[in-house]
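A closer look at the structure
One-letter residues, chain by chain:
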Amino acid sequence: MFDNFNDLGETVNGGEKGTLVVAAAAEGDLLKALASARQLYLKRVILVGSPTRIEMISRNEGIDISQMEIIDVSDMTAACEKAVALVRQGQADFIMKGLVDTAVFLKAVINKIDGLMVDRLLSSIMMVRIASYHKFLILSDGGMIIDPDLEKKQGIIANAVDFARLLGIAPIKVGCLAAKEKVNPKMAATVDGAALKILAQDHYFGADVLVEGPIAMDLLISKKAAQVKGYVSDVAGDADVIIMPNIETGNAIIKVMTHLGNAQLGGIVMGACAPIILTSRS
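Here goes a summary of the coordinates provided. It should be emphasised that the depicted structure is a prediction, and the values quoted were computed from it without experimental measurement.

**Considering the layout of surface pockets**
Taken as a whole, the second largest pocket encloses approximately 170 Å³ of empty space. Residue lining of the second largest pocket: T77, C80, E81, V84, A85, V104, K107, A108, N111 and D114, and that is the complete set. Looking at the lining of the second largest pocket, the elements with two or more residues in it are α4 (76–88) and α5 (102–109). A per-element tally of the lining of the second largest pocket places α4 first, with 5 residues. When its residues are assigned to classes, the lining of the second largest pocket shows 5 nonpolar, 2 polar and 3 charged.

Here it is in structure tokens:
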């Protein structure tokens, strides 16, 4: 079980490394990050985009891309389609969005014939390490699904649980975020949270998964708050995964933790046949 990003990085560095393909890769900060990642964590990096622009940016900003491959596809839509095709052909293990509109990128990913879908829900997962909490927090969904219903939340939990298992977390403690712990028919988050808890008790997500819901944020992340309020739960103050009621909540929490809480952040989209990196450049 990993406690910080350094330990996670060392494990990746010492193991079997994968190949990353980047769609529309002509962007300075992205190329800087890839140059560092290429040395530490990746076997190969394939840049799909305009060679002229990529080489100009790297030259102007002093970025070493000599160990990266460039595939000449200047059109944004075609670049995304080519990157997806490389994953489908087994030439890349995972895919990253570069300087291209998210909708254009995802259109290539979800294409029913040539995309990367495997009859699962696509959901965004953010892995957060913040000094005020004692371990990693996995937050979902704050970037893909606008207003998930109960069925979509089942898919969000399934993806987050699969991700947590990769980190060696057991048991996996999941909290379904709401404003209160009592079910109120006028508050969908409370109704869904209670239903998801019942599903987990029947081992719908696996015997290693505990789901609590509905539950407010203070109880999820603070054992003291739970004690003061007399709230008893194995998840209280020790959550591994927090399921958001909607995209606004998830987006806001992630950005507050990052920009005000100085949290370290890693993002991924799961549910396709390969991992997708879709993190905001900011």
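**Description of a nonpolar patch on the surface**
Where nonpolar side chains cluster on the molecular surface, the patch consists of V12, L40 and Y41 and spans about 220 Å² of accessible area. As for its position among the elements, V12 is in helix α1 (residues 5–13). We classify V12 as partly exposed; its relative accessible area is 34%.

**Structural notes on empty space enclosed by the protein**
Under the definition given, this model contains 1 cavity of 30 Å³ or more. By volume, the largest cavity is sized at about 30 Å³. If one sorts the elements of the lining of the largest cavity by residue count, helix α7 (residues 188–201) sits on top with 4 residues. When the residues that make up the lining of the largest cavity are grouped by side-chain class, the tally is 7 nonpolar, 1 polar and 2 charged.

**Overview of the pairing of strand β6 (residues 137–140)**
Alternating positions in β6 separate into two faces, L137 and L139 on one and I138 and S140 on the other, with burial throughout. Bridge count for strand β5 (residues 123–129) against β6 is 3 bridges, and the pairing is antiparallel. Following the sheet pairing, V128 is matched in β6 by L137. Pairing of β6 with strand β9 (residues 241–243) involves 3 bridges; the strand directions are parallel. Directly across from S140, in β9, lies its bridge partner I243.

**Concerning the environment of G62**
With respect to the helices and strands, the residue G62 is situated in the loop between α3 (51–60) and β3 (69–72). Along the chain, G62 and A83 lie 21 residues apart, while their C-alpha atoms are 25 Å from each other.

**Focus: helix α6 (residues 150–166)**
Because each turn of an α-helix spans 3.6 residues, side chains separated by three or four positions in sequence point in the same direction. Its 17 residues give α6 an end-to-end C-alpha distance of 25 Å, which sits within 8% of 24 Å, the value for a rise of 1.5 Å per residue. Within the span of α6, buried status applies to K153, Q154, G155, I156, I157, N159, A160, V161, F163 and A164. With a side-chain oxygen positioned 3.3 Å from the backbone nitrogen of E151, the residue opening α6 is D149.

**Thoughts on the packing of aromatic side chains**
This model, assessed by the stated rule, comprises 2 aromatic pairs. Aromatic side chains F5 and F136 sit 5.0 Å apart centroid to centroid with 80° between the ring planes, which places their arrangement in the edge-to-face category. Of this pair, F5 sits in helix α1 while F136 sits in the loop between β5 and β6, placing them 131 residues apart in sequence. Residue classification places F136 among the buried residues on the basis of a relative accessible area of 4%. Ring centres of Y204 and F205 lie 4.9 Å apart, and the angle between their planes is 85°; this geometry places the pair in the edge-to-face category. The class of F205 is buried, set by a relative accessible area of 7%.

**A word on the pattern of salt bridges**
Evaluated as defined, the whole model comprises 12 salt bridges. Linking D192 and K153 is a salt bridge whose minimum nitrogen-to-oxygen distance equals 2.9 Å. With D192 in helix α7 and K153 in helix α6, this pair connects stretches of sequence that are 39 residues apart. Where D238 meets K173, a salt bridge forms, and the shortest distance between an N and an O atom there is 2.6 Å. Highlighted residues: D238 in the loop between α9 (223–229) and β9 and K173 in strand β7 (residues 172–177), separated in sequence by 65 residues. On the basis of relative accessible area, D238 is assigned to the buried category, the value being 14%. Given the relative accessible area of 14%, K173 is considered buried. Where salt bridges share partners, they join R120, D162, R165 and D208 into one cluster.

Basis of the calculations
Residues numbered from 1 in each chain as written. Predicted model: local features only at pLDDT ≥ 70, side-chain atom pairs only at ≥ 80, totals over all residues. Heavy atoms only, no water. 1 Å grid on protein atoms, 1.4 Å probe; cavity = no way out; pocket = protein on both sides within 12 Å on 5 of 7 lines; lining within 4 Å. Points joined across faces, edges and corners; volume = space filled by probe spheres on them. Helix = DSSP H or I, 4+ residues; strand = E, 2+ residues; numbered from the N terminus. Nonpolar A, V, L, I, M, F, W, Y, C, P; charged D, E, K, R; others polar. Patch = residues over 30% accessible without salt bridge, like charges linked within 9 Å, V, L, I, M, F, W, Y side chains within 5 Å. Areas by Shrake-Rupley, 256 points an atom, 1.4 Å probe, with all protein chains shown as cover. Salt bridge = Lys/Arg side-chain N within 4 Å of Asp/Glu carboxyl O. Buried < 20%, exposed > 50% of the residue type's maximum accessible area, 1.4 Å probe, protein only. Pairing = 2+ DSSP bridges. Expected span 1.5 Å × (residues − 1). Polar contact = N/O pair within 3.5 Å; in protein donor to acceptor, adjacent residues only side chain to side chain. Phe/Tyr/Trp six-rings, centres within 6.5 Å; stacked < 30°, edge-to-face > 60°.

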